[in-house]
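Listed below, chain by chain, are the residues.
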Amino acid sequence: MKSISDAKRIVVKVGTSTLTYASGRLNLRRVETLVKVLSDLKNSGRDILLVTSGAIGVGAGKLGLPERPQDIAGKQAAAAVGQCELMYMYDKLFADYGHVIAQVLLTRDGVDDPVRHRNIVNTLSELVRVGAIPVINENDTVATEEIEFGDNDTLSAQVAVLAKADALVLLSDIDGLFDENPQKNPNAHLIPLVTEIDDDLLSIAGGSGSARGTGGMITKLHAADIAFSAGIPMVIMNGADPTKLYDLVDGEAVGTLFCKEETV
Ligand code: GLU
């Protein structure tokens, strides 16, 4: 995958189901591996921006709630707790590898408003310039329907555009895009390359992927659509083993690549 191995600036998005166990507690082995790999990729000369989910899930886990809250106040309260925990962990782990992180919390109105849009672009660019790793999430504690991105797949594609990234990688709990639902059909095939997002493709994507996150394949295709329009190649791959990111940047075929032209 030449388009990814050549990428200097990479946005990596990690989903709640990759970061946490079913209890909502952090999967520390995975988070540690992810942070180590991203630190190493940064050491190799790439700019890394991390879009993280998990605020609501981790907050619910930390509060000992039996399940992810459904009401807005419950979600916003859980996010306030979980965002703290996430940043505490990221800060601690990235610091172990000598990297500085920066918390960036966004809402959609900030992207839509021209002045705030410019500020976000400038801030992200400055953070990368000074060598920090921006760790980005939706500002869930204040985001309501009118101003929210709604899911971090969409957010990460917007961030890739705002940060003028060369590639976007979505780490998910699935190996990539399949021609049928692999949970229902064991004969489903992974689609390695998508060069066009059409209605047929949208029809094979279902709704929300798991009880813990808010995304699913459909939100990933929306993200791919945004990335496509900006000419940014995007990959969906399994985040269970973050070291597979090395294979990806080494040019191996991993997951599903969404790319307008075939540059494999
Ligand atoms: N921003 C949400 C959170 O941190 C996640 C949204 C998503 O899973 O797409 O909990």
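Everything numeric here is computed off the predicted structure, so don't read it as measured data. (Residues numbered from 1 in each chain as written. Predicted model: local features only at pLDDT ≥ 70, side-chain atom pairs only at ≥ 80, totals over all residues. Heavy atoms only, no water.)

(A) Region of interest: helix α3 (residues 28-43). Over its 16 residues, α3 runs 22 Å from end to end, which matches the ideal 22 Å to within 8%, given 1.5 Å per residue. Of the residues trailing α3, Gly-45 is marked for its positive phi of about 110°. (Helix = DSSP H or I, 4+ residues; strand = E, 2+ residues; numbered from the N terminus. Expected span 1.5 Å × (residues − 1).)

(B) Focus on empty space enclosed by the protein. Overall, the coordinates contain 1 cavity of 30 Å³ or more when judged by the stated rule. The volume enclosed by the largest cavity comes to roughly 40 Å³. Surrounding the largest cavity, Val-14, Thr-18, Leu-19, Arg-30, Val-31, Leu-34, Leu-171, Gly-239 and Pro-242 form its lining. Listed by contribution, the elements that provide at least two residues to the lining of the largest cavity are α2 (16-19) and α3. (1 Å grid on protein atoms, 1.4 Å probe; cavity = no way out; pocket = protein on both sides within 12 Å on 5 of 7 lines; lining within 4 Å. Points joined across faces, edges and corners; volume = space filled by probe spheres on them.)

(C) Layout of the sheet that holds strand β7 (residues 234-238). If you trace the 8 strands from one edge of the open sheet to the other, you get β3-β4-β2-β1-β5-β7-β8-β6, paired in mixed fashion. Lying at the two open borders of the sheet, with one neighbouring strand each, are β3 (101-106) and β6 (193-194). As judged from the 2 bridges shared by strand β2 (residues 47-52) and strand β4 (residues 133-138), these two strands associate in the parallel manner. The partner of Leu-50 across the bridge, within β4, is Val-135. Sitting on the sheet, α3 touches β1 (9-14), β2, β4 and β5 (167-172), and the angle it makes with β2 is about 155°. (Pairing = 2+ DSSP bridges. Contact = heavy atoms within 4.5 Å. Axes fitted to C-alpha atoms, helices over the stretch in contact; angles between N-to-C directions.)

(D) Quick peek at the side chain of Asp-140. As for its placement among the helices and strands, Asp-140 is situated in the loop between β4 and α8 (152-162). We note that Asp-140 is buried and unpaired, the nearest opposite charge coming from Arg-68 at a distance of 7.1 Å. Apart from residues lying up to four places away in sequence, Asp-140 is in contact with Ala-55, Ile-56, Gln-76 and Ala-79. (Buried < 20%, exposed > 50% of the residue type's maximum accessible area, 1.4 Å probe, protein only. Lys, Arg positive; Asp, Glu negative; His and termini not counted. Salt bridge = Lys/Arg side-chain N within 4 Å of Asp/Glu carboxyl O.)

(E) Structural context of the pattern of salt bridges. Under the criterion given, the structure shown has 9 salt bridges. Among the salt bridges present, the one from Arg-116 reaches Asp-109, with a minimum N-O distance of 3.3 Å. Overall, the relative accessible area of 26% leaves Asp-109 in the partly exposed class. Through salt bridges with shared partners, a single network forms among Lys-8, Arg-9 and Asp-47.

(F) Quick look at the pairing of β7. Across the 5 residues that make up β7, a large majority, 4, are buried. Pairing of β5 with β7, which is carried by 5 bridges, proceeds in the parallel orientation. Bridge assignment links Leu-168 to a residue of β7, and that residue is Met-234. Alignment of β7 against strand β8 (residues 256-258), held across 3 bridges, turns out to be antiparallel. Looking at the pairing, Met-234 lines up with Phe-258 of β8.

(G) Structural detail: the packing of aromatic side chains. For the structure on display, the rule yields 1 aromatic pair. Judged by centre distance (6.3 Å) and plane angle (35°), the ring pair of Tyr-90 and Phe-94 falls under tilted. You can see Tyr-90 and its partner Phe-94 sitting in helix α5 (residues 72-96), 4 residues apart, about one turn around the helix. Across the pair, exposure class does not vary: Tyr-90 and Phe-94 are buried alike. (Phe/Tyr/Trp six-rings, centres within 6.5 Å; stacked < 30°, edge-to-face > 60°.)

(H) Expanded view of a negative patch on the surface. A cluster of like negative charges, contributed by Glu-196, Asp-198, Asp-199 and Asp-200, occupies part of the molecular surface. Note on placement: Asp-199 falls in helix α9 (residues 199-204). (Patch = residues over 30% accessible without salt bridge, like charges linked within 9 Å, V, L, I, M, F, W, Y side chains within 5 Å. Areas by Shrake-Rupley, 256 points an atom, 1.4 Å probe, with all protein chains shown as cover. Charge placed at Lys NZ, Arg CZ, Asp CG, Glu CD.)

(I) Molecular detail of the pairing of β4. In terms of burial, β4 is largely enclosed, as 6 of its 6 residues are buried. Burial of the side chains of β4 extends over both faces: Ile-133, Val-135 and Asn-137 are buried on one face and Pro-134, Ile-136 and Glu-138 on the other. As defined by bridge partners, β3 adjoins β4 across 6 bridges and the pair is classed as parallel. Pairing of Leu-105 across the sheet is with Asn-137, part of β4.

(J) Molecular detail of the packing of α3 against α5. Relative orientation of the contacting elements α3 and α5 amounts to 50°, with a least axis distance of 9 Å. Viewed along their axes, α3 and α5 adopt a mutual orientation that is oblique. By crossing handedness, the relation of α3 to α5 is classed as right-handed. For the pair formed by α3 and α5, the contact residues are Leu-28, Val-31, Glu-32, Val-35, Leu-38 and Ser-39 on the first element and Met-89, Tyr-90, Leu-93 and Phe-94 on the second. Among the residues forming the contact of α3 with α5, the class breakdown is 8 nonpolar, 1 polar and 1 charged. (Parallel < 35°, antiparallel > 145°, perpendicular 65-115°, else oblique. Left-handed = near helix turned anticlockwise from the far one by under 90°. Nonpolar A, V, L, I, M, F, W, Y, C, P; charged D, E, K, R; others polar.)

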